[in-house]
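Examination of the molecular architecture
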Amino acid sequence: MEKMLRIKNFPVSFFAIILGMSGLSIVSQKLSSILGQHFQWIMFFITVALFTMLLSIFAVKFFTYRSEVIKDFYHPIKINFFPTISISLLLFSVFLLPHSKEISFYSWLIGTMLHFLFTMKILSVWIYHEHFELKHINPSWFIPIVGNIIVPVAGTSHAPLEVSWFFYSIGFVFWIVLLTVFMYRIIFHNPLPQKLLPTFFIMIAPPAIGLISYIKLGNGLDAFANIMYFFALFLSIFLLYQMPRFFKIKFFLSWWAYTFPLAAISLASVQMFHLTHKEFYFYIATGFFILLVTMVSLLSVKTIRAVLSKEVCVEED
């Protein structure tokens, strides 16, 4: 009975863990010259195994407590974490691309179609809602729509270029719109609740991944690419400066929001290194990678402790 109750309260935000660990796997792959091949594959297999486990639990919740899943889908914050499932598949596709183009393609195809469905449905919920308020917006709102920016990273190898431009355009334009709305909310209205403070790091991901996708789409290191990278780098430095404030808050699953953005800025720095051949960028990438490994290790321990002490998958106030 207790086990089923915990499944009923299983939060979809658990899949944010997969984004962080997938990001770590991909960065490890890009830095394999100094890390070797084993670490990246160990991380990837652990990530896929964890994803399979979480997806299985979520499927049980869906078929057993469907009303709870629907309720979460119309929640102003929880709704934004449903696309972490599709984004996980897109990230698996990126990792697998150098090893198996066929498997990468199927992971990309399923992830892309699922993410497009999430985009259409969630955008419709946003437009026709009856209970959302300005106070509800936070950086997790970037996930459903801006997540489309990730599609071209592997998509340029799997489909006509127009498909990747289609998704990139959706993600980029809505990034500007949502960033504007969020900055207005955070400056002129009440601060974010402590539980959501780690989501600030999500702001790093759109420009960092945006740079990588932009280059994949056939563009060079032009002014626009530089703006995206250095804006992402500024956000990273600014938020790291705020870390003492973040570490004072109680542990929540939202702490995993630190991880994928750190992976994104590390990958963007690797991209800049390849484009410019300036070692400065390689050192930045390595620094963020070390920080990412530290955060994933720390959060893994905290998450396991929270699960064992039954502090997660509980009824929320």
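Rules of the game
- Residues numbered from 1 in each chain as written.
- Predicted model: local features only at pLDDT ≥ 70, side-chain atom pairs only at ≥ 80, totals over all residues.
- Heavy atoms only, no water.
- Core = buried A, V, L, I, M, F, W, Y, C linked by side-chain atoms within 4.5 Å.
- Buried < 20%, exposed > 50% of the residue type's maximum accessible area, 1.4 Å probe, protein only.
- Helix = DSSP H or I, 4+ residues; strand = E, 2+ residues; numbered from the N terminus.
- Salt bridge = Lys/Arg side-chain N within 4 Å of Asp/Glu carboxyl O.
- Expected span 1.5 Å × (residues − 1).
- Phe/Tyr/Trp six-rings, centres within 6.5 Å; stacked < 30°, edge-to-face > 60°.

1. Observations concerning the nonpolar core
- Residues F15 and Y229 are the most contacted members of the largest nonpolar core, which totals 108 residues.
- With 10 residues, the single largest contributor to this core is helix α15 (residues 279-308).

2. Observations regarding the pattern of salt bridges
- Following the criterion strictly, the structure yields three salt bridges and no others.
- Among the ionic pairs, D72 bridges to K61, the shortest N-O distance being 3.1 Å. Separated by 11 residues along the polypeptide, D72 in helix α5 (residues 66-73) and K61 in helix α4 (residues 38-64) bring together distant segments of the chain.
- Linking K135 and E133 is a salt bridge whose minimum nitrogen-to-oxygen distance equals 3.9 Å.
- Judged by relative accessible area, K135 falls into the exposed class, the value being 54%.

3. Structural notes on α4
- In this model α4 runs 39 Å from its N-terminal to its C-terminal C-alpha over 27 residues, within 8% of the 39 Å that 1.5 Å per residue would give.
- Along α4, the residues that are buried comprise Q40, M43, F44, T47, F51, L54, F58 and K61.

4. Re the packing of aromatic side chains
- What the rule picks out here adds up to 40 aromatic pairs.
- Ring centres of F116 and F166 lie 6.0 Å apart, and the angle between their planes is 50°; this geometry places the pair in the tilted category. With a gap of 50 residues between them, F116 in helix α7 (residues 101-127) and F166 in helix α10 (residues 161-188) connect regions that are remote in the sequence.
- Under the relative-accessibility criterion, F116 is labelled partly exposed at 28%.

5. A few points about the environment of T286
- Considering the arrangement of structural elements, one finds T286 in helix α15.
- Along the primary structure T286 and V27 are separated by 259 residues, whereas in three dimensions their C-alpha atoms are 9.4 Å apart.

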